[in-house]
Amino acid sequence: MDHLKKIAKEAAPEVGATEFKAHCLQLMTAVHDRKLNSVTVTKRGKPFVKLMPVPEEPTLVYGSLAGLAKVVGDLTEPVDAIWEAERE
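Residues numbered from 1 in each chain as written. Predicted model: local features only at pLDDT ≥ 70, side-chain atom pairs only at ≥ 80, totals over all residues. Heavy atoms only, no water.

Asks: In this structure, what is going on with the nonpolar core? I would like to understand it.
Replies: Within soluble globular proteins, side chains that are nonpolar generally end up buried alongside one another. Counting residues in hydrophobic clusters, the biggest one holds 8 residues: V15, F20, L27, A30, V31, L36, V39 and V41. Of all the elements in the fold, those that place two or more residues in this core are α2 (17-32) and β2 (39-43). It is α2 that provides the largest number of residues to this core, a total of 4 residues. With residues near it in sequence (within four places) discarded, V39 still touches P13, V15, L27, V31, V49, K50 and L51. (Core = buried A, V, L, I, M, F, W, Y, C linked by side-chain atoms within 4.5 Å. Buried < 20%, exposed > 50% of the residue type's maximum accessible area, 1.4 Å probe, protein only. Helix = DSSP H or I, 4+ residues; strand = E, 2+ residues; numbered from the N terminus. Contact = heavy atoms within 4.5 Å.)

Asks: Help me understand the packing of aromatic side chains in this model?
Replies: The relation between two aromatic rings is expressed through the spacing of the ring centres and the mutual angle of the planes. Following the criterion strictly, the structure yields 0 aromatic pairs and no others. Geometry around F48 places K43 over its ring, the cationic atom sitting 4.8 Å from the centre. (Phe/Tyr/Trp six-rings, centres within 6.5 Å; stacked < 30°, edge-to-face > 60°. Lys NZ or Arg CZ within 6 Å of the ring centre and 35° of its normal.)

Asks: Looking at this model, I keep getting lost on α2. Mind explaining?
Replies: The end-to-end C-alpha separation of α2 is 19 Å, well short of the 22 Å expected for 16 residues at 1.5 Å each. Maximal helix bending in α2 amounts to about 80°, located at H23. R34 lies just past α2 and shows a positive phi near 65°. (Expected span 1.5 Å × (residues − 1). Bend = angle between axes of the 7 residues up to and from the residue.)

Asks: Just checking my understanding: could you explain the pairing of β2 for this structure?
Replies: Each regular strand carries side chains that alternate between the two faces of the sheet. The element β2 is largely enclosed, with a buried count of 4 among its 5 residues. Pairing of strand β1 (residues 14-16) with β2, which is carried by 3 bridges, proceeds in the parallel orientation. Within β2, the position partnered with V15 by the bridge is V41. Handedness of the β-α-β unit built from β1, α2 and β2 comes out right-handed. Between β2 and the antiparallel strand that follows it, strand β3 (residues 46-51), lie 2 residues; R44 among them carries a positive phi value of about 55°. (Pairing = 2+ DSSP bridges. Right-handed = clockwise from strand over helix to strand, strands pointing away.)

Asks: Got a minute to help me understand the sheet that holds β3 in this structure?
Replies: Two orientations exist for strands paired in a sheet by backbone hydrogen bonds: parallel and antiparallel. Sheet architecture is open: 3 strands sit in the order β1-β2-β3, paired in mixed fashion. Two strands in the sheet have a free side with no partner beyond their single neighbour: β1 and β3. Each strand of the sheet is rotated relative to its neighbour by a mean of 35°, with strand direction disregarded. The strands touched by α2 within the sheet are β1, β2 and β3, with β1 carrying the most contacts at an inclination of about 140°. (Axes fitted to C-alpha atoms, helices over the stretch in contact; angles between N-to-C directions.)

Here is the structure:
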């Protein structure tokens, strides 16, 4: 884990392919747990791939309130109340 602490201090951490191979599972866990935003893996000193967390699925608004309301009575029947607009 000391290796991970060293990498986490960098703003945009880069690791070589050999180093990534040796610490792959630790780096994947750190990115997944959002301890690191991403890790760039280099090959021969040049960026080769970038390890990033999978974005969370957005919460759908449609249907999110389903089951929270209760229908009491017949919604199509008129109500017995007199509305202000009907009083005149």
